[in-house]
Amino acid sequence: MRLSRYFLPTLRETPKEAEIVSHRLMLRAGMIRQHAAGIYSWLPFGLRVLARIEEIVREEQNRSGAVEILMPTMQPADLWRESGRYDDYGKEMLRIVDRHKRDILFGPTAEEVVTDIFRGFVRSYRDLPLNLYNIQWKFRDEVRPRFGVMRGREFLMKDAYSFDLDYDTARAAYNRMFVAYLRTFDRMGLKAIPMQAATGPIGGDLSHEFLILAQTGESGVFCSRKLLDLPIPGEDTDFRGDLSPIVAAWTEPYAATEEKHDAAAFEALPEADRIAARGIEVGHIFYFGTKYSQPMGASIAGPDGADRPVHMGSYGIGVSRLVGAIIEAGHDDAGIVWPDAVAPFQVGLINLKAGDPVVDVACETIYERLTKAGITVLYDDRDDSAGAKFARMDLIGLPWQLIIGPKGLQRHEVELKRRATGARETLTPDGAITRLLAV
RNA sequence: CGGGGCAUAGCGCAGUCUGGUAGCGCACCUGCUUUGGGAGCAGGGGGUCGCAGGUUCGAAUCCUGCUGCCCCGACCA
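Just so we're clear, the structure is a prediction, and the values are computed from it rather than from any experiment. (Residues numbered from 1 in each chain as written. Chains lettered and ligands numbered in written order. Predicted model: local features only at pLDDT ≥ 70, side-chain atom pairs only at ≥ 80, totals over all residues. Heavy atoms only, no water.)

Engineer: Break down the overall build of chain A for me, with residues and values.
Structural biologist: Assigned secondary structure in chain A consists of 15 helices and 23 strands. Against the 2.2 N^0.38 benchmark of 22 Å for 439 residues, chain A shows a C-alpha radius of gyration of 24 Å, consistent with a compact globule. Once the C-alpha set of chain A is aligned to its principal axes, its extents read approximately 80 × 60 × 40 Å. By residue count, 52% of the 439 residues in chain A fall in the buried class. At a minimum sequence separation of 6, the contacts of chain A that also span at least 24 residues come to 70%. A total of about 19,800 Å² of accessible surface is found on chain A, and carbon and sulfur atoms cover 51% of it. Charged side chains of chain A number 55 positive and 62 negative; the gap between the two group centres comes to 5 Å. (Helix = DSSP H or I, 4+ residues; strand = E, 2+ residues; numbered from the N terminus. Rg over C-alpha atoms; globule rule 2.2 N^0.38 Å. Buried < 20%, exposed > 50% of the residue type's maximum accessible area, 1.4 Å probe, protein only. Contact = heavy atoms within 4.5 Å. Areas by Shrake-Rupley, 256 points an atom, 1.4 Å probe, with all protein chains shown as cover. Lys, Arg positive; Asp, Glu negative; His and termini not counted. Charge placed at Lys NZ, Arg CZ, Asp CG, Glu CD.)

Engineer: Any details on the sheet that holds strand β4 (residues 74-76)? Residues and values, ideally.
Structural biologist: Paired through backbone hydrogen bonds, the strands of a sheet run either parallel or antiparallel to each other. The 3 strands are arranged β4-β6-β5 in an open sheet whose pairing can be described as antiparallel. The sheet is open, and its two edges are formed by β4 and β5 (94-97), each paired on a single side. Sheet twist, expressed as the average angle between the axes of neighbouring strands with direction ignored, equals 35 degrees. One ladder, built from 4 bridges, connects β5 with strand β6 (residues 103-106); its direction is antiparallel. When the bridges of β6 are listed, V97 appears paired with D103. (Pairing = 2+ DSSP bridges. Axes fitted to C-alpha atoms, helices over the stretch in contact; angles between N-to-C directions.)

Engineer: Go over the nonpolar core, please, and point to the residues and values.
Structural biologist: M31, I53 and W338 are the most contacted members of the largest nonpolar core, which totals 80 residues. At 10 residues, the largest contribution of residues to this core is made by helix α6 (residues 167-187). Non-local contacts of M31, meaning those with residues more than four positions away in its chain, are made with M26, S41, W42, L43, F45, G46, V49, V323, I327, I336 and W338. Counting 24 residues, the second-largest nonpolar core is a separate cluster that includes M71, V114, Y292 and V310. (Core = buried A, V, L, I, M, F, W, Y, C linked by side-chain atoms within 4.5 Å.)

Limitation: the analysis is restricted to geometry and does not speak to function.
This is the structure we're talking about:
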């Protein structure tokens, strides 16, 4: 993409409404536009990040055996009356009345809708296990939206729903999501720590929040250092096999948020093992049994031929929140530092003297060659001063900067800079291409 | 929903106390010179001062009401 033909409205100064660093940087890097409290447009640069995160989530959901669907943003109130949640949910639910005076809501989640799908089609345990997920905009009329996309009133969420015959198979479904989440967040360059979470009226120990460590996180977290070094399950993980040893390994070390912190248990750890930090919740998984299937009549026949309510779980990932969370976890004074896996472009190509025929030709050639090789490149071909280009490229945080100017070219040299470390290499133009193809 | 703050050009701000023709920096447009860490000079465009009432000869400024946004708290992917 040529910057001169792109839409990247970067700002030198921070709009005063933004307090938290990820919000400031998203505004300055031209990723989003706020229209009202908690309501944003995603501009091209932000949208690319959102799409990359979404794709990682999708790949890992698919790998675990979940199947993608797309449910509506508007849901009929009657489904929620069946589950009993229409009245319970409270003011956070965004409600409207349509022209026929029917009650409609903008979905804050989709247990009712997915249960309606399930009961419409699935009759037998032989069709299980089943896990249906979607990546869809959700609506919550938050009392107080804040922190940019970290707490919007409209947000993109991956929500998955598992259906199983009984507790044991439901637990296996839970484990699959647990492991999928470990992989998902790891692929985004995040250390996500699963922590025991409250389960509400259902009880049991089957609910975990996944929090990533970031200095500006919303909640205080306490955990064992062991959790930082545990191996992430590989691509070859057998999701049809028994995953309970992995889950056991990840749930054995101490980990709790502020609210559930047990100071005595934490202090029982060797001091060098204790981590007290800040965290951002990016995922939450639950097993809730027959809470929805029972009142909504989602039953299946077991091996004995008798119908019984299906056992369910739900599993959320805050996709749009992750954009903010990743920035919270990866930035410096100059701007964003994208992990390679979610970077909107892999390389920022800087033409230090746009308009100089020699430099223009060199840049164009490299731009074409990298692009043809499948590398995503944002080519800064604008006629700005070098300093402005460096500052802007640091701000938007692409993993690699390829810097080409007249002085270097006289020596047949270009410079490759790694955004995260600031490390620079001087290479020939061919050498730079070879180097980038290798990473 | 309680507490606090803010609202003047695209962004950041001054001007409001003490009423008298709306300003600065950045950004933007034109020209020239520049180009290795947010360039220089010259010229130029852009604002019903959040909205509605009121006071006054005259309101960004004083009064009343409203709206929007931000922060802290309670609540949450």
